[in-house]
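Summary of the model geometry
Next come the chains, spelled out residue by residue.
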Amino acid sequence: MDAYEVLEKLGSGSFGTIRKIVRKSDKKVLVWKEIRYGRMNEKEKSMLVSEVNILRELKHPNIVRYKDRIIDRESSTIYIIMEFCENGDLASVIRKYKRCGKRVEESRIWTLFFQIACALHECHCRKQKILHRDIKPANVFIDRNNGFKLGDFGLARVLSTETQLAKTNVGTPYYMAPEQVNELPYNEKCDIWSLGCLLYEMAALAPPFEAANQLALAVKIKAGRVSRLPEQYSEELNQAVRSMLQLDSAKRPSIEDLFKLPKMQEQAEIAV
Ligand SMILES: CNC(=O)c1c(C)[nH]c(/C=C2\C(=O)Nc3ccc(Cl)cc32)c1C
C-alpha cells in the first residue's frame, strides 16, 4: 500500500472531507475523500465498497479518476484517492463571476455542456448503467488545462440512505428533479434534469428554481416555470436548457439526443 503525506483541506464534499495529498513514492499530487462509515450497517458498508469498486472502473477524461482506496478499520474510515484538479470546483468559479458582476462566455458554457455530457454518456450507456444522482457545481472540477470533470460518482445512492452518515455540508437540493420531489424511481433522466440546472446556473449565475425553504422549493420545481436565460445567450442554448428542464422526464432528451445539437457536433469536432 502506498504511503501519503497529507496536506491542506480542500473542501467538504457532500459526504466527507477532501484533502490534498502527495504520494511519497513518486511525489504525485492527489486528493483523498475521507468517508466515515462507522454508523453504517453491514448492507450499507458492502454497498459502499462495491460502489467504489464500480467507480474505479470509470476511466474517462471528463470523470475525476479514482486511483485507489484505503480502509482504516480502527477509525471506520474509507479514504478514496482521486486525481487532483488544480483549478478547483465550478461552484467557486460561479461565485467569482457573481462577485465580479461578469457573465460566463457562451462558448465556455457549450464546452462545459459537451464535456459533462461526455461524462454522463460514459455512465448512462454502459452495460451496468451508473447514475450520478448529485450533479451540481460543487461536484464539477476543473483541471490544470481548464477541462471539466464530474466527481463523486454514484456514491450518493449508498450514502443517502436513512442511516446516512452526518452530511458535512447539507445543502439545499436546488437541482432535485420533479420525480425525486415526488419520491418516484430515479433514472438517467434525473441526471439530465440536473445537467439542465447546472447549465442554467452557469449562464444565469443562479439556479433555475430558488426558494426560502425546501417545501417552497419543491412547489416551484413541480410548477416547472423557468425564466429565459439572460438575453446575451443564444436561443439555441436557451432551448437546449429548457428541453432538459421539462417536468415530464420522458420528454427530456437523452444524452444521445443532446449530442445531435449542432453546437454539440461542433464541440465534438473541436475535441477530436
Ligand atoms: C478551495 N478548494 C479548491 O480549490 C479545490 C481544489 C484545488 N481541488 C478541489 C477538489 C478536488 C480535486 O482537486 N480533486 C477531486 C476529486 C474528487 C473530489 Cl469529490 C474533489 C476533488 C478543491 C475543492
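Structure: see above.
Residues numbered from 1 in each chain as written. Predicted model: local features only at pLDDT ≥ 70, side-chain atom pairs only at ≥ 80, totals over all residues. Heavy atoms only, no water.

Let's shift gears to the packing of aromatic side chains. Evaluation of the coordinates by the stated rule reveals five aromatic pairs. On the numbers, 6.1 Å between centres and 65 degrees between planes, the contact of Tyr4 with Trp32 is edge-to-face. Here Tyr4 is found in strand β1 (residues 4–13), whereas its partner Trp32 is found in strand β3 (residues 28–36), with 28 residues between them in sequence. A residue is classified by how much of its surface remains accessible, and Tyr4, at 12% relative accessible area, is buried. The exposure class of Trp32 is buried, given its relative accessible area of 9%. By way of ring pairs, the aromatic residues Tyr4, Trp32 and Tyr79 are connected into one cluster. Here the basic side chain of Arg133 rests over the ring of Tyr186, its NZ or CZ set 5.1 Å away from the ring centre. (Phe/Tyr/Trp six-rings, centres within 6.5 Å; stacked < 30°, edge-to-face > 60°. Helix = DSSP H or I, 4+ residues; strand = E, 2+ residues; numbered from the N terminus. Buried < 20%, exposed > 50% of the residue type's maximum accessible area, 1.4 Å probe, protein only. Lys NZ or Arg CZ within 6 Å of the ring centre and 35° of its normal.)

For the ligand, the set of nearby residues contains 13 residues, the closest of which are Leu10, Val64, Glu83, Cys85 and Phe141. In the environment of the ligand, a nitrogen atom lies 2.9 Å from a nitrogen or oxygen atom belonging to the backbone of Leu10. Glu83 is positioned with one of its backbone polar atoms (N or O) 2.9 Å from a nitrogen atom of the ligand. The protein chains hide 82% of the 520 Å² of surface that the ligand would expose on its own. When grouped by side-chain class, the residues that make up the shell around the ligand number eight nonpolar, one polar and four charged. (Near = heavy atom within 4 Å. Polar contact = N/O pair within 3.5 Å; in protein donor to acceptor, adjacent residues only side chain to side chain. Areas by Shrake-Rupley, 256 points an atom, 1.4 Å probe, with all protein chains shown as cover. Nonpolar A, V, L, I, M, F, W, Y, C, P; charged D, E, K, R; others polar.)

That's the geometry; what it means functionally is another story.
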